[in-house]
Amino acid sequence: MGVTRLLSLAVLGLCLMAPGAATARAQVSASPSTLAGDPISSNAQHIAILDHGTGQLLYCRDCDVAMPPASMSKLMTMLIVADQLRAKKITLNTQLPVSENAWRYGAQSDGSHMFLDINSRVRVEDLVKGVVIVSANDACIALAEGIAGSEAAFVDLMNQRARALGLTSAQFRNVTGLPDPDHVISSRDLARLASIIIRDYPELYRHYAEPSFTYNGKTQENRNPLLGRVEGADGVKTGHTSISGYGLIGSAQLNGQRRIVVFNGLPSMAARSVEGQRLMRAALFDFNVTSLFAKDAVVGQADVWLGSRAQVPLVASEAISIAAHRSVRAGMSAHIVYEGPLQAPIKKGAIVAKLVVEGPGVRHEFPLAAGSKIGRANPFAKAAFGLQQMFGGG
């Protein structure tokens, strides 16, 4: 039968609940979301707030719905370029040609560009800065053609990389983010993509904090509305088309904690600026991440049926931490759930239970493993247990 044991988490800053027995809870999980008691009021769409250190999603509003990302998808373009640089297939000093295609659909379009001259050759480092700082479409195409031979071949690399990373919502059709009904990705996956670049390619990520870029005698400003306005902000990417509206992937680090915010669908650049700053400050100040248990720490005990021991320790199979908005922390509780009593024998390390931490609109589940090996009870112990059961022993 299902067994639930309540845990006291007061020492960890969560709600205190007295230990005891209770009926088994439903074994389902959900992301932090905009259900009843939504802690964030915003006109933005597809909001995702991610804690970079733990990878935990702090907040989700339609964050798993694939959306048109506009230029925010250029993060995947740049991830492929970073991969190529690390593999030494190109260097920052490699000069790539600017084709008529790159010039016409970049420098001669209404979209963002870095004023590349047709048939010129440009250093990879300048093209990278053009994409990262001023969202240059012409630089994206020049990089794609120079690395893969064509934009289509480069897009194949983008989709392959997305699948390898488990970005299941991602489907790319171009390197610029220009409108295409099949060019989509969720805000959760964009947040994860930003986190990967921050973690794996700091040499690339540092350019996202640069306030401006000058090329061909033209200086353009970084459009990220967080830079210089939110403490600790250092990236990453804006996006806008008539279909997607104004969106942002933003990141900031303060007091050792880095948060990533993604949203889309605002009506103007000014609205994006105001909402971006507000959401990033909420991400930094209104959410907390609490470490509950280190890997292999004992979380509780589970009863064992006819085992060499009456109970087995339950240990965290991974480090356990909980993220929550300050408005729901007082209503959070934790309990261990398992089908019990557990049947002997039990192998050490076997997943036999889970820790469930939940509160208003939030539910997290973590696997718990057997902390020791439990063999079967010997015949004398079985007989004693049978007598105990027969005569109602405690």
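Everything numeric in this text was worked out from a predicted model, so none of it was measured.

Notes on helix α1 (residues 74–86)
The terminal C-alpha atoms of α1, which comprises 13 residues, lie 18 Å apart, in line with the 18 Å expected from a rise of 1.5 Å per residue. When you tally the buried positions in α1, you get eleven out of 13 residues, the bulk of the element. Of all the residues in α1, the buried ones are Lys 74, Leu 75, Met 76, Thr 77, Met 78, Leu 79, Ile 80, Val 81, Ala 82, Asp 83 and Gln 84. Looking at the residues trailing α1, positive phi occurs at Lys 88, about 65 degrees.

Thoughts on the sheet that holds strand β11 (residues 257–266)
Two orientations exist for strands paired in a sheet by backbone hydrogen bonds: parallel and antiparallel. Spatially, β4-β3-β11-β10-β9 is the arrangement adopted by the five strands of the open sheet, whose pairing is antiparallel. The outermost strands of the open sheet, each flanked by one partner alone, are β4 (57–61) and β9 (233–241). In this sheet, neighbouring strand axes are inclined to one another by 5 degrees on average, regardless of whether the strands run parallel or antiparallel. Relative to β4, strand β3 (residues 45–51) runs antiparallel, the two sharing four bridges. For Leu 50, the partnering residue across the bridge sits in β4 and is Leu 57. Each of β3, β4, β9, β10 (245–254) and β11 is contacted by helix α6 (residues 187–200), which is oriented at about 140 degrees to β11, the strand it contacts most.

Details of helix α5 (residues 151–165)
Its 15 residues place the ends of α5 21 Å apart at the C-alpha level, agreeing with the 21 Å of an ideal helix rising 1.5 Å per residue. Every buried residue of α5 is listed here: Phe 154, Val 155, Met 158, Asn 159, Ala 162 and Leu 165. Down the axis of α5, the sector holding all buried residues measures 145 degrees, keeping them to one side. Away from its buried face by more than 90 degrees, α5 exposes Ala 152, Arg 163 and Ala 164. Where α5 is buried, its residues meet α1, α4 (137–148) and α6. One or two steps after α5, the chain reaches Gly 166, where phi turns positive at roughly 80 degrees.

Examining the pairing of β11
Counting buried residues along β11, eight of its ten residues qualify, which places the element largely inside the surrounding structure. Here β3 pairs with β11 via five bridges, running antiparallel. Its bridge partner being in β11, Ile 49 is matched across the sheet by Val 261. Bridge count for β10 against β11 is eight bridges, and the pairing is antiparallel. Along β11, the bridge assignment pairs Leu 248 with Phe 263. Where β10 hands over to β11, the hairpin turn is made up of two residues, of which Asn 255 adopts a positive phi near 55 degrees.

Some points on the side chain of His 46
Note that His 46 resides in strand β3. A polar atom in the side chain of His 46 sits 3.1 Å from the backbone oxygen of Asp 62. Not counting chain neighbours up to four residues away, the residues in contact with His 46 comprise Arg 61, Asp 62, Val 65, Met 67, Ser 187, Val 262, Phe 263 and Asn 264.

Some thoughts on the environment of Met 158
Note that Met 158 resides in helix α5. Through-space distance from the C-alpha of Met 158 to that of Arg 173 is 9.2 Å; in sequence the pair is 15 residues apart. Contact partners of Met 158, with chain neighbours within four places excluded, come to Ser 73, Met 76, Thr 77, Ile 80, Phe 172, Asn 174 and Val 175.

Looking at the state of the cysteines
A complete count under the given rule lists one disulfide for this structure. Between Cys 60 and Cys 63 runs a disulfide, and the two sulfur atoms are separated by 2.1 Å. Taking the sign of the S-S torsion, -100 degrees for the link of Cys 60 and Cys 63, the bridge is left-handed. Each of the two residues, Cys 60 as well as Cys 63, counts as buried.

Brief notes about the environment of Gln 56
You can see Gln 56 is positioned in the loop between β3 and β4. Here Gln 56 falls in the buried class, since its relative accessible area comes to 12%. When the C-alpha positions of Gln 56 and Ser 321 are compared, they lie 8.7 Å apart, and in sequence the two are 265 residues distant. Excluding anything up to four places from it in sequence, Gln 56 contacts Ile 49, Leu 50, Asp 51, Ser 321, Ile 322, Ala 323 and His 364. Side-chain polar atoms of Gln 56 contact the backbone nitrogen of Ala 323, separated by 3.4 Å.

What counts and what doesn't
- Residues numbered from 1 in each chain as written.
- Predicted model: local features only at pLDDT ≥ 70, side-chain atom pairs only at ≥ 80, totals over all residues.
- Heavy atoms only, no water.
- Helix = DSSP H or I, 4+ residues; strand = E, 2+ residues; numbered from the N terminus.
- Expected span 1.5 Å × (residues − 1).
- Buried < 20%, exposed > 50% of the residue type's maximum accessible area, 1.4 Å probe, protein only.
- Pairing = 2+ DSSP bridges.
- Axes fitted to C-alpha atoms, helices over the stretch in contact; angles between N-to-C directions.
- Contact = heavy atoms within 4.5 Å.
- Arc of directions from axis to C-beta.
- Polar contact = N/O pair within 3.5 Å; in protein donor to acceptor, adjacent residues only side chain to side chain.
- Disulfide = S-S within 2.5 Å.

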